Amino acid sequence: MAARSEEMARVSAREGSPWTGMWAVVWKEMADNLTSVRMSILETLTVLTAIGTVYSAAQNLRSSGRDPFLFLRLFTTGREPLPAFVGFLGFLVPLIAIALAFDAINGEFNRRTISRLLSQPIYRDALLLGKFLAGLFTLALVLSTIWLIIVGLGIVTLGVPPSGEEVARLLWFLLVVIFYGGIWLSVATLFSILFRQPATAALASIAVWLFFAIFWGMIADLLTQVLAPVRVGYLEEIVRQVRLNLALSRISPNTLYVDAVLALLNPNIRSLGLVLPVQLEGAILGTPLPLDQSVLLIWPHITGLIAATILIFALGYVLFQRREIRA
Amino acid sequence: MDEIVLETRGLTKRYGDLVAVDHLDLTVRRGEVFGLLGPNGAGKTTTILMLLGLTEPTEGTVRVLGLDPVRQPLSVKARVGYLPEQLGFYENLTARENLIYTAKLNGLRREEAYRRIDEALEKIGLVEAADKPVSTFSRGMRQRLGLADVLIKKPEIIIMDEPTQGLDPGVALEFLEIIRDLKAQEITILLSSHLLHQVQAVCDRVGLFHRGRMVLEGTVEELAQQVLGGAYRIHIEVEKPHHVLEEALRRLDGVVRVEREDTRAYLVEARRDMRAEVARAVHEAGGALLSLDMELPSLDEVYARYFEQQEVNDGSAE
Ligand SMILES: Nc1ncnc2c1ncn2[C@@H]1O[C@H](COP(=O)(O)OP(=O)(O)OP(=O)(O)O)[C@@H](O)[C@H]1O
Ligand SMILES: [Mg+2]
């Protein structure tokens, strides 16, 4: 305990800003990210997916007549057997984020650049956060580009420009996707600190992603059955079960992403939780929710994504501070 | 010349049960070239990492340019250059791009950075290869680039961990030449090495590490004095070897040992440079001196003898 507070005192007594030199790291890493082969592959893949899904969505939509949110449908309409673009993004974004960060720290160890790097007048804080931010900015840059491509394609194929509200919703959507990428970026960064081998770090990150994408739903169902069984069939019992199931499933960032994106791109979604008939009284079914209400609806999701990102990043930060730098 | 720039007191580093560095007291003054010697695992690299604040000491204090590397790491690292044992670069970047990154991390402005980079490349002779990717570099070129990387921050102290390992003799000599040059500019240098004749060639003082302790410290002559007894070895050749002559040599104040090397040659081990006295003694004893030359004490010998003695001691202790 005493040692701990001593450590805290010493850390807080450090000279200068912990972020000295961070922007140098950010620019160097961004340049690396944007010129790397792995990013070109993933970018190409994403652009092709965007073009393909948007084109086929547009084919479907042209016949569907007058929808006030036609533009938003471009992102959410899939044509069997392909999912919609947001569905693709659900796994492309984690993939890009993991590809950006899985060798962030262990790569420096393996190239033996770490001791040269840390003997420059910077703190480890600057190196770690600089790398994370470079990943986030790269992700934001790539996603924004794709976003623009899709909007452009939409104008051409649908023949109408998006309305102001649609643009606002799409910008929120872009933000949520970037935050969703942020969480995977911090997961991959954490593993790049934990594992010496980049391949191990990449596999571990993908395993975590698969776990949440595929297995967590099942586990949440199972846990719900065990923790909140419906014995008699009272309404309260059922409500309790559904609530628990929702809460559990939202531990998964994938669920947070899907919920948030659907609420943003589909203004007709009025609630992301359980809706009891009493709550619907007075609400006019079928009227779209205004944007601020939609954002309010997904506010917990956004803060959840950010909080988890910060938490995982902080864990990596602590581990990295204690790491012996000798390769 | 006598400002203390590196100082440790009771510096200790433990890894679990293993004591990597054990109560080290080290003092290096401005403009000195200090050599760290010692077998593998003696604690040289660990000491260096603590001097730079890259590893935290378990116990003891470190002062670098009067600063504490744990509390003021930025100031220390801005003024101390480090050439690590395991030297790596970004392979896909060119030599110049690697240096630019270092310059930026040091907060140098662009024009200043470019000027220093050109200067450094010039100095270490890497101008032609400056814009080639590092992946095409040989070991020697990488080591030079490492030195350039250190030079661009214009350090007051340079710490080099085995700077000449894996270099061909020509390049190693160039390296030593650069080190002498830096010394002439009042830059303090601390280097670790296993290549003793090189250490002897450039270092003002050396410290011999053994199991985390600095067991010997001083100039090469001082160490030779301590370990070998007679540090100066004078070889003489006389016309007619004679026991009177031998006795006369032995009686000289400062002579430690006299040994018949050959039919006409003697080896005289002395505590100081006694060439004149030896020549006079031969003459006075009625001998005719054919040749006389003195061998400087060699660090290789000090090193080998020290560890021989150590083994004998260890053996008798058990
Ligand atoms: N991170 C670590 N964890 C545990 N032990 C370590 C660690 N780093 C070094 N050691 C141990 O500390 C001791 C001193 O190592 P150090 O690298 O300082 O020796 P050295 O004198 O530089 O040797 P060499 O000449 O081989 O470079 C060794 O026994 C080594 O195994
Ligand atoms: Mg070493």
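Residues numbered from 1 in each chain as written. Chains lettered and ligands numbered in written order. Predicted model: local features only at pLDDT ≥ 70, side-chain atom pairs only at ≥ 80, totals over all residues. Heavy atoms only, no water.

Novice: Looking at this model, I keep getting lost on the overall build of chain A. Mind explaining?
Specialist: When its secondary structure is counted, chain A shows 14 helices and zero strands. Traced from its N-terminal end to its C-terminal end, chain A shows the element sequence α-α-α-α-α-α-α-α-α-α-α-α-α-α. Counted over contacts in chain A with a minimum sequence separation of 6, partners at least 24 positions apart contribute 79%. Total accessible area computed for chain A in this model is approximately 15500 Å², and 69% of it derives from carbon and sulfur atoms. (Helix = DSSP H or I, 4+ residues; strand = E, 2+ residues; numbered from the N terminus. Contact = heavy atoms within 4.5 Å. Areas by Shrake-Rupley, 256 points an atom, 1.4 Å probe, with all protein chains shown as cover.)

Novice: In this structure, what is going on with the overall build of chain B? I would like to understand it.
Specialist: When helices and strands are tallied, chain B shows 11 helices and 13 strands. With respect to the three principal axes, the spread of C-alpha positions in chain B is 75 × 50 × 35 Å. Here chain B holds 318 residues, and 52% of them are scored as buried. Counting contacts in chain B only where the partners sit at least 6 residues apart, residues at least 24 apart contribute 68% of the total. Summed over its atoms, the accessible surface of chain B is roughly 14400 Å², and 48% of this surface lies on carbon and sulfur atoms. The distance from the centre of the 40 positive side-chain charges to the centre of the 53 negative ones in chain B is 4 Å. (Buried < 20%, exposed > 50% of the residue type's maximum accessible area, 1.4 Å probe, protein only. Lys, Arg positive; Asp, Glu negative; His and termini not counted. Charge placed at Lys NZ, Arg CZ, Asp CG, Glu CD.)

Novice: So what exactly am I meant to see when it comes to the environment of B:Gly60 here?
Specialist: Its location among the elements puts B:Gly60 in strand S4 (residues 59–64). In contact with B:Gly60, not counting residues within four places along its chain, are B:Arg9, B:Gly10 and B:Leu11.

Novice: Quick question: what am I supposed to make of the pairing of strand S12 (residues 265–270) of chain B here?
Specialist: Regular strands place their side chains on alternate faces of the sheet. Residue and element names in this part refer to chain B. Counting buried positions over the six residues of S12 gives six, a clear majority of the element. With burial as the criterion, each face of S12 is covered, one bearing Ala265, Leu267 and Glu269 and the other bearing Tyr266, Val268 and Ala270. Bridge count between strand S10 (residues 232–238) and S12: six bridges; the pairing is antiparallel. Paired with Glu237 across the two strands is Ala265, which belongs to S12. Note that strand S11 (residues 255–260) and S12 share five bridges and pair antiparallel. Its bridge partner being in S12, Arg257 is matched across the sheet by Glu269. (Pairing = 2+ DSSP bridges.)

Novice: Is there a simple way to explain the side chain of B:Ser193 in this structure?
Specialist: Residue and element names in this part refer to chain B. For Ser193, the location among the structural elements is in the loop between strand S7 (188–192) and helix H7 (196–202). Separated by 2.9 Å, the side chain of Ser193 and the backbone nitrogen of Leu195 make a polar contact. Setting aside its immediate chain neighbours within four residues, Ser193 contacts Leu36, Leu37, Glu162, Thr164 and Val199. (Polar contact = N/O pair within 3.5 Å; in protein donor to acceptor, adjacent residues only side chain to side chain.)

Novice: What is the right way to look at the layout of surface pockets in this model?
Specialist: Gaps left between atoms show up when a probe the size of a water molecule is rolled over them. Residues and elements named next belong to chain A. Counted as a void, the second largest pocket has a volume near 430 Å³. What lines the second largest pocket is a set of 21 residues, and nearest its centre among them are Glu29, Asp32, Asn33, Arg38 and Asp103. With five residues, the top contributor of residues to the lining of the second largest pocket is helix H2 (residues 22–35). Residues of the lining of the second largest pocket, tallied by class, amount to six nonpolar, seven polar and eight charged. (1 Å grid on protein atoms, 1.4 Å probe; cavity = no way out; pocket = protein on both sides within 12 Å on 5 of 7 lines; lining within 4 Å. Points joined across faces, edges and corners; volume = space filled by probe spheres on them. Nonpolar A, V, L, I, M, F, W, Y, C, P; charged D, E, K, R; others polar.)

Novice: Can you walk me through the pattern of salt bridges in this structure?
Specialist: Between side chains of opposite charge, pairing is possible as soon as their charged atoms come close. Residues and elements named next belong to chain B. One pass over the full model with this rule turns up 41 salt bridges over all chains. Among the ionic pairs, Arg71 bridges to Asp68, the shortest N-O distance being 3.8 Å. The salt bridge partner of Lys183 is Asp204, with a shortest N-O separation of 2.9 Å. Residue Lys183 is found in helix H6 (residues 169–184), and its partner Asp204 is found in the loop between H7 and strand S8 (205–210); the two are separated by 21 residues along the sequence. By relative accessible area, which is 28% here, Asp204 ends up partly exposed. (Salt bridge = Lys/Arg side-chain N within 4 Å of Asp/Glu carboxyl O.)

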